[in-house]
Amino acid sequence: MNTDRKRRSRVQGGWAAPSNVRSDRNKPQVPQAPAWTGKNVDQVQHTEKKFMFQESEEEVREKPVEKVITKAGVCDLSTEPSGVSRIRFFPNFLDPAEADTIYNDLYHEVPWRQRSDFKNGESFLQPRLTAWYGDFPYSYSGVRHEANAEWHSTLKMLKDRLEEVTGLTFNSMLANMYRDGHDSVAWHSDDERSLGPEPTIASLSFGDSRNFELRKKPSTGSDDYTYMQHAKIPLTHGSLLIMEGATQADWQHRIPREYHDRGPRINLTYRVIIPE
């Protein structure tokens, strides 16, 4: 009987697999910290990250809403130490039938020519046709128009009518032909010394409508126009736009290129040239 008890004890103690005992190799291992720390996880101190809101010290600026001018009247674009920038717009200055006749005469009889601008030592063709009439020569952007006192009869008639309306005496006129929507004129000011300090320019339009855009010049002399006031005027067939005061000193204007079909447009800009 003692022999059987010893045999069972040996089987249970030596050969039976333990049911509740775990070896060290089965214990969960302590994870290592990332290699870049050079430390074990026990040596890494964890800190709680908190979000802190901090207001920006930069001024929040918004773009001014573009001003669209379509109705007849006087509009003061801005008032600066340099003076008041003023435009006068008359969308129906000429009767449509008379405007049609003038357009046809000028389209076929004015000696239109494509000239070249010069910028940064390079020459490139202007994306429009031009013609000059006046008692004195006129130069801009490297282009020189020689004096041409042989006024076309239609241009002379329009000059006389504008002088009666404005009370001014114009002695020159730059004509532009925009053949289609791809023709344009870039941002610029008519501020050549030969035009005087506050030139008045009377602009007549014939043919298809085009947008005339203006933008205020930055007072700091910067080239960033992002937050400057912009204005747009659709120039229609037979319309008259007059720019006066400090408009050329404080604003730029352009006829932008358009990406849909446009017919030809003729623009006549009457002005006063001061001989040097």
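What you are looking at is a predicted structure, and each value in this text was computed from that prediction instead of being measured.

Turning to the pattern of salt bridges, a few remarks are in order. Taken as a whole and judged by the stated rule, the model has 14 salt bridges. In this structure, Arg-86 engages Asp-76 in a salt bridge whose closest nitrogen and oxygen atoms are separated by 2.6 Å. Of this pair, Arg-86 sits in strand 3 (residues 83-90) while Asp-76 is found in strand 2 (residues 73-80), placing the two residues 10 residues apart along the sequence. The class of Arg-86 is partly exposed, set by a relative accessible area of 26%. In this structure, the salt-bridge partner of Arg-262 is Asp-208, at a minimum N-O distance of 3.7 Å. Of this pair, Arg-262 sits in the loop between strand 15 (251-255) and strand 16 (265-271) while Asp-208 sits in the loop between strand 11 (201-207) and strand 12 (210-216), placing them 54 residues apart in sequence. Salt bridges linked by common partners bring Asp-208, Arg-210, Glu-258 and Arg-262 together as one network.

Turning to helix 3 (residues 153-166), a few remarks are in order. Taking 1.5 Å per residue, 14 residues should reach 20 Å; helix 3 reaches 20 Å between its end C-alpha atoms and fits that length. Looking at helix 3, one finds that the buried residues are Thr-154, Leu-155, Leu-158, Lys-159, Leu-162 and Glu-163. Contacts made by the buried residues of helix 3 are with helix 2 (96-109), strand 6 (129-134), strand 9 (172-178), strand 11, strand 14 (240-245) and strand 16.

This paragraph deals with the confidence of the model for the protein chain. Mean pLDDT over the protein chain works out to 86, with 79% of the residues at or above the 70 mark. The low-confidence segment residues 9-17 (pLDDT under 50) makes 2 contacts with residues lying over four places distant or belonging to another chain.

Criteria and cut-off values
- Every chain is numbered independently, its residues counted from 1 as its sequence is written.
- The predicted nature of this model means local features are confined to residues of pLDDT at least 70 and side-chain atom pairs, given and counted, to a pLDDT of 80 or more, with totals for whole chains, interfaces and linings taken over all residues.
- Heavy atoms throughout the structure, all of them, feed into the side-chain values; hydrogens and water do not.
- Salt bridge criterion: a side-chain nitrogen from Lys or Arg within 4 Å of a carboxyl oxygen from Asp or Glu.
- Working definition: helices are DSSP H or I runs of at least four residues, strands are E runs of at least two. Numbering for both runs from the N terminus.
- Whether a residue is buried, partly exposed or exposed follows from its accessible area with a 1.4 Å probe, protein chains only, as a fraction of its type maximum: under 20%, in between, or over 50%, in that order.
- In a helix, the anticipated span is given by 1.5 Å times the number of residues less one.
- It only takes one pair of heavy atoms within 4.5 Å for two residues to be counted as in contact.
- Scored from 0 to 100, pLDDT reflects the predictor's confidence in each residue.

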